[in-house]
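A closer look at the structure
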Amino acid sequence: MQATITLLPGDGIGPEVMAQAEQLLTELGALTGHSFQTHRRLIGGAAIDAVGQALPGNTLAACRQSDAVLLGAVGGPKWDDPEASIRPEQGLLQLREQLGLFANLRPVKPHPAMIHASPIRPERLAGVDLVVVRELTGGLYFGRKLALADMAEDVCRYSREEIERVVRRAAALARTRRRRLTLVDKANVLATSRLWRRVTKELVQREFPDIALEILLVDAAAMHLLSRPAEFDVIVTENLFGDILTDEAAMLAGSMGLLPSASLGNSGPGLYEPIHGSAPDLAGQDKANPFAMLLSVAMMLEHSLGLVEEARLVERAVSDCIAASETTADLGGRLGTVEAAAAVRSRLRSATVGSQDRKPAASKETHATTPVYSVA
Ligand code: NAD
Ligand code: IPM
Ligand code: MN
């Protein structure tokens, strides 16, 4: 197959992990015969520095003409001036809005080898396999804003239609999994949350009677995510709550450097990015974990390009590296960004060559069953 992919490296560790995503695609192309045509474009702080805009017109145009978009990260201290009229993050928010990417899928499945590295007790982590479906183009992020000298305002607004489309996506996903859906809201305080609750109950009753719906207030959900994470299947929630809860959920997996995401609309290209940011504390040091970025490539292969078997191969290669402790320091390993990504490509090569006369990789479990990882 032929695919056109726009690469948006962005800022901080973004370009470092993106370089590894690009190399992975080159390797995968050579191994499978697929043609991945990549085009780099500016976004975020890098774009502000170059052309004075966080999302230049030619970046958006290239994204629209692509089959999929990969993004590293945006932002950093250089552009953090509170008086600045333009911020790198606006570029990412505009891109999500312009491409209509209302559903952000953030899967969390701790690797068995990482369970002892997590700050959460191992017995609580056994069996954790959840996906947060975060609403991505509404709520506080996109409501009316007002900033005066001594008063500021961010309006939170949701319509029935905005809620229905993302809940429908989340419930359909739950149907392919364990058929449990958890709505997280703050209906004891927020009018928007009461609308979320009513619309979600109606929709699930009407269109997904086979799905078990649970409803949690967001403060309690933050606790339940740590005290009984294995009980969650699909969590659906508004934009801001989803942002916060997924950084918390990253700690179930053991590192911010492990969580990928897919942002999807009803049509057009999807956007794939790690959930982490530009990590200014690691930037330029070859320390960033590239796995969240590589797993975002896997999500792109699956969701935008229909290459499910290839996606499983990439996930398997990452998983095997974690099991063998071929990781960056955040996971207890000794490798740099470049070496860790090279280890993934090397495992990908062996798996692909080894599978020429078997037909197995895609059907194997994502996780090694006998991990040999030990915490350093
Ligand atoms: P961050 O996610 O960049 O970093 C939080 C912590 O996680 C840091 O300790 C960092 O070292 C660690 N971390 C992050 N990515 C890692 C990786 N790949 N490997 C190992 N460790 C990793 O969040 P922050 O420091 O709050 O934000 C920094 C900047 O990034 C801000 O400007 C913020 O707006 C931006 N940001 C961008 C995105 C995005 O582009 N999608 C997401 C979040 C934050
Ligand atoms: C994320 C980030 C972004 C968000 C920022 C950079 C705008 O934190 O993708 O999780 O809040 O959505
Ligand atoms: Mn975030």
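Worth saying up front: this structure is predicted, and the values here are computed from it rather than measured.

**Examining the site of ligand 2**
Close contacts around ligand 2 come from Glu89, Leu93, Arg96, Arg106, Arg134, Tyr141, Asp243 and Ile275, and that covers them all. Within the side chain of Arg96, a nitrogen or oxygen atom sits 2.7 Å from an oxygen atom of ligand 2. Here ligand 2 is seated within the second largest pocket. With three residues, helix H4 (residues 88-98) is the single largest residue contributor to the shell around ligand 2. Of the residues that constitute the shell around ligand 2, the class distribution is three nonpolar, no polar and five charged. For the shell around ligand 2, the domains that each give at least three residues are domain 1 (1-101 + 290-376) and domain 2 (119-253).

**Overview of unusual backbone geometry**
Among all residues except glycine, the phi angle is most often negative; among peptide bonds, the trans geometry is most common. Positive phi, close to 60 degrees, is recorded for Asp286, a residue that is not glycine. Within the secondary structure, Asp286 is located in the loop between strand E12 (270-272) and helix H10 (291-303). For Asp286, a relative accessible area of 33% gives the class partly exposed. Backbone geometry at Ser325 places phi at a positive 60 degrees, although glycine is not the residue there. When you line up the elements, Ser325 lands in the loop between helix H11 (308-323) and helix H12 (337-354).

**Comments concerning the environment of Glu123**
Inspection of the secondary structure puts Glu123 in helix H5 (residues 122-125). Measuring from C-alpha to C-alpha, the distance between Glu123 and Ala230 comes to 9.8 Å, with 107 residues separating the pair along the chain. Within the structure, Glu123 has its side chain in polar contact with the side chain of Arg121 (distance 2.8 Å).

**Structural notes on the layout of surface pockets**
One number sums up the size of the second largest pocket: a volume of about 430 Å³. Val74, Leu92, Ile275, His276 and Gly277 are the residues nearest the centre of the second largest pocket, which is lined by 26 residues in total. Mapped by element, the contributors of at least two residues to the lining of the second largest pocket are strand E3 (68-73), H4 and helix H9 (239-253). When the residues that make up the lining of the second largest pocket are grouped by side-chain class, the tally is eleven nonpolar, six polar and nine charged. The residues that make up the lining of the second largest pocket include at least three from each of domain 1 (1-101 + 290-376) and domain 2 (119-253).

**Structural notes on the nonpolar core**
If you look at the biggest cluster of nonpolar residues, it comprises 90 residues, and the most contacted ones within it are Leu70 and Phe291. Sort the elements by how many residues they give to this core and H10 lands first, with nine residues. With residues near it in sequence (within four places) discarded, Leu70 still touches Ile5, Thr6, Leu7, Leu8, Met18, Ala21, Leu25, Tyr272, Met293, Ser296, Val297 and Met300. Judged by nonpolar contacts, the second largest core, of 13 residues, contains Leu60, Val69, Leu95 and Leu101.

**Quick look at the domain arrangement of the protein**
Split into domains, the protein comes out as domain 1 (1-101 + 290-376) and domain 2 (119-253). The C-alpha centroid of domain 2 is placed 25 Å from the C-alpha centroid of domain 1. In total, about 490 Å² of surface goes out of reach between domain 1 and domain 2, with carbon and sulfur atoms giving 70% of it. Between domain 1 and domain 2 we count zero salt bridges in total. Summed over the shared surface of domain 1 and domain 2, the result is zero residue pairs in polar contact (both at pLDDT 80 or more). Split into classes, the residues belonging to the side of domain 1 that touches domain 2 amount to two nonpolar, no polar and two charged.

**Quick look at the sheet that holds strand E2 (residues 35-40)**
Pairing is mixed in the open sheet, where ten strands are placed in the order E2-E1-E3-E12-E11-E4-E5-E10-E8-E9. Every other strand in the sheet has two partners, leaving E2 and strand E9 (212-217) as the edge strands with one partner each. The average undirected angle you get between the axes of adjacent strands in this sheet is 25 degrees. Sheet topology places strand E8 (residues 180-185) next to strand E10 (residues 234-237); four bridges connect them, and they run parallel. By the bridge assignment, Leu181 is partnered in E10 with Val234. Lying over the sheet, H4 contacts strand E1 (2-10), E3, strand E4 (103-108), strand E5 (130-135) and E12, oriented at roughly 150 degrees with respect to E12.

**Details of H10**
Between its first and last C-alpha atoms H10 spans 18 Å; for 13 residues at 1.5 Å apiece the expected length is 18 Å, and the two agree. Those residues of H10 lying buried are Phe291, Ala292, Met293, Leu294, Leu295, Ser296, Val297, Ala298, Met299, Met300 and Leu301.

**Some remarks on H4**
Residues of H4 that are buried include every one of Pro88, Gly91, Leu92, Leu95 and Arg96, and no others. What you see down the axis of H4 is that its buried residues fit within an arc of 130 degrees, all on one side. One or two positions beyond H4, positive phi appears at Gly100, with a value near 65 degrees.

**Overview of the packing of helix H6 (residues 160-175) against helix H7 (residues 191-207)**
Contact geometry for H6 and H7: axes closest at 9 Å, N-to-C directions at 45 degrees. By the angle between their axes, H6 is oblique relative to H7. Considering the relative orientation of H6 and H7, their crossing is right-handed. Seen from H6, the contacting residues are Arg160, Ile163, Glu164, Val166, Val167, Arg168 and Arg175; seen from H7, they are Leu195, Trp196, Arg198, Val199, Thr200, Glu202, Leu203, Arg206 and Glu207. A class-by-class count of the residues in the contact of H6 with H7 yields seven nonpolar, one polar and eight charged.

Basis of the calculations
- Residues numbered from 1 in each chain as written.
- Chains lettered and ligands numbered in written order.
- Predicted model: local features only at pLDDT ≥ 70, side-chain atom pairs only at ≥ 80, totals over all residues.
- Heavy atoms only, no water.
- Near = heavy atom within 4 Å.
- Polar contact = N/O pair within 3.5 Å; in protein donor to acceptor, adjacent residues only side chain to side chain.
- 1 Å grid on protein atoms, 1.4 Å probe; cavity = no way out; pocket = protein on both sides within 12 Å on 5 of 7 lines; lining within 4 Å.
- Sits in = over half its atoms within 2 Å of the grid points.
- Helix = DSSP H or I, 4+ residues; strand = E, 2+ residues; numbered from the N terminus.
- Nonpolar A, V, L, I, M, F, W, Y, C, P; charged D, E, K, R; others polar.
- Domains from an automatic or database assignment.
- Buried < 20%, exposed > 50% of the residue type's maximum accessible area, 1.4 Å probe, protein only.
- Points joined across faces, edges and corners; volume = space filled by probe spheres on them.
- Core = buried A, V, L, I, M, F, W, Y, C linked by side-chain atoms within 4.5 Å.
- Contact = heavy atoms within 4.5 Å.
- Buried area = accessible area lost by both parts, 1.4 Å probe.
- Salt bridge = Lys/Arg side-chain N within 4 Å of Asp/Glu carboxyl O.
- Pairing = 2+ DSSP bridges.
- Axes fitted to C-alpha atoms, helices over the stretch in contact; angles between N-to-C directions.
- Expected span 1.5 Å × (residues − 1).
- Arc of directions from axis to C-beta.
- Parallel < 35°, antiparallel > 145°, perpendicular 65-115°, else oblique.
- Left-handed = near helix turned anticlockwise from the far one by under 90°.

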